[in-house]
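Here are the chains, one letter per residue:
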Amino acid sequence: QVQLVESGGGLVQAGGSLRLSCAASGRTFSNYAMGWFRQAPGKEREFVAAITRTGGSTYYADSVKGRFTISRDNAKNTVYLQMNTLKPEDTAVYYCAARRAYYSDIYYSTQSDFSSWGQGTQVTVSS
């Protein structure tokens, strides 16, 4: 399985921006569809964004559409989550996840679809 390490979390004021990174190792990164999930205190982990192997297609939860952007750099084995116009309700631990994908135009948005997970990075948005 691919190993994943997230970074870039922190404390930011409402309306601010953060960019999360997820570095992958151990397998051919370009063979994996990637996703970002988050878990707020007392809540279940939820889907945030997904991207295909090539980066050609992306998919977002309604709650972040228009504010967050997922992207990837296969040469750097890294997937990113650019988060703009942050809100207090975006406060959560953010996780990246990977899933071996045999087709270039497939993305996944369900937790059970993903086989590899990072340890998470905390994002706190103050009001």
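Being a predicted model, the structure only gives us computed values, none of them experimental.

Undergrad: Could you clarify how one ought to interpret the overall build of the protein chain in this entry?
TA: Across its full length, the protein chain carries 0 helices and 11 strands. Overall, the protein chain shows an N-to-C arrangement of helices and strands of β-β-β-β-β-β-β-β-β-β-β. Taking 2.2 N^0.38 as the reference for a compact globule, 127 residues should give roughly 14 Å; the C-alpha atoms of the protein chain span a radius of gyration of 13 Å, in line with that estimate. In the protein chain, 61% of the contacts between residues at least 6 apart in sequence involve partners at least 24 apart. Here the protein chain has roughly 6,300 Å² of accessible surface; of this, 44% comes from carbon and sulfur atoms.

Undergrad: Would you explain the pattern of salt bridges in this entry?
TA: Charged atoms that come close allow side chains of opposite charge to pair. This model, assessed by the stated rule, comprises 4 salt bridges. One salt bridge connects Arg38 with Asp90, and the closest N-O pair in it is separated by 2.9 Å. Taken together, the residues Arg38 in strand E4 (residues 32-39) and Asp90 in the loop between strand E8 (78-83) and strand E9 (92-100) connect sequence positions 52 residues apart. Comparing Arg38 with Asp90, the two get one shared label, buried. Residues Asp90 and Arg67 are paired through a salt bridge, measuring 2.7 Å at the closest nitrogen-oxygen approach. Of this pair, Asp90 sits in the loop between E8 and E9 while Arg67 sits in the loop between strand E6 (58-60) and strand E7 (68-73), placing them 23 residues apart in sequence. Each of Arg38, Glu46, Arg67 and Asp90 takes part in salt bridges that share partners, so that together they form one network.

Undergrad: Help me understand the side chain of Ser116, please; the structure alone is not making it clear to me.
TA: Considering the arrangement of structural elements, one finds Ser116 in strand E10 (residues 116-117). The class of Ser116 is buried, set by a relative accessible area of 2%. Within the local environment of Ser116, its side chain forms a polar contact with the backbone oxygen of Val2, the two atoms lying 3.2 Å apart. Sequence-distant contacts of Ser116, defined by excluding residues within four places in its chain, comprise Gln1, Val2, Leu4, Cys96, Ala97 and Ala98.

Undergrad: I'm lost on the nonpolar core in this one. Help?
TA: For soluble globular proteins, nonpolar side chains are generally found buried alongside one another. Formed by 38 residues in total, the largest nonpolar core has its most connected members in Met34, Trp36, Leu81, Met83 and Tyr94. Of all the secondary-structure elements, those providing two or more residues to this core are strand E3 (18-25), E4, strand E5 (46-51), E7, E8, E9 and strand E11 (121-126). If we skip the residues at most four places from it in the chain, Leu81 touches Leu18, Arg19, Leu20, Trp36, Val48, Ala49, Phe68, Thr69, Ile70 and Tyr94.

Undergrad: Please explain the sheet that holds strand E1 (residues 3-7) as it appears in this structure.
TA: Hydrogen bonds between backbone atoms are what pair the strands of a sheet, whose relative direction is either parallel or antiparallel. Strand order in this open sheet of 4 strands is E1-E3-E8-E7, and the pairing throughout is antiparallel. In this open sheet, the two strands that pair with only one neighbour each are E1 and E7. Averaged over all neighbouring strand pairs, the angle between strand axes comes to 15 degrees, with direction disregarded.

Undergrad: Before we go on, may I ask you to explain the state of the cysteines in this structure?
TA: Here a disulfide denotes one covalent bond, and it connects the sulfur atoms of two cysteines. Using the criterion set out here, one finds 1 disulfide in the structure. Here Cys22 is linked by a disulfide to Cys96, with a sulfur-sulfur distance of 1.9 Å. For the disulfide bridge between Cys22 and Cys96, the dihedral angle about the S-S bond is near 45 degrees, and by the sign convention the bridge is right-handed. Of this pair, Cys22 sits in strand E3 while Cys96 is found in strand E9, placing the two residues 74 residues apart along the sequence. Judged by its relative accessible area of 0%, Cys22 is buried.

Reading the values: rules and limits
- Residues numbered from 1 in each chain as written.
- Predicted model: local features only at pLDDT ≥ 70, side-chain atom pairs only at ≥ 80, totals over all residues.
- Heavy atoms only, no water.
- Helix = DSSP H or I, 4+ residues; strand = E, 2+ residues; numbered from the N terminus.
- Rg over C-alpha atoms; globule rule 2.2 N^0.38 Å.
- Contact = heavy atoms within 4.5 Å.
- Areas by Shrake-Rupley, 256 points an atom, 1.4 Å probe, with all protein chains shown as cover.
- Salt bridge = Lys/Arg side-chain N within 4 Å of Asp/Glu carboxyl O.
- Buried < 20%, exposed > 50% of the residue type's maximum accessible area, 1.4 Å probe, protein only.
- Polar contact = N/O pair within 3.5 Å; in protein donor to acceptor, adjacent residues only side chain to side chain.
- Core = buried A, V, L, I, M, F, W, Y, C linked by side-chain atoms within 4.5 Å.
- Pairing = 2+ DSSP bridges.
- Axes fitted to C-alpha atoms, helices over the stretch in contact; angles between N-to-C directions.
- Disulfide = S-S within 2.5 Å.

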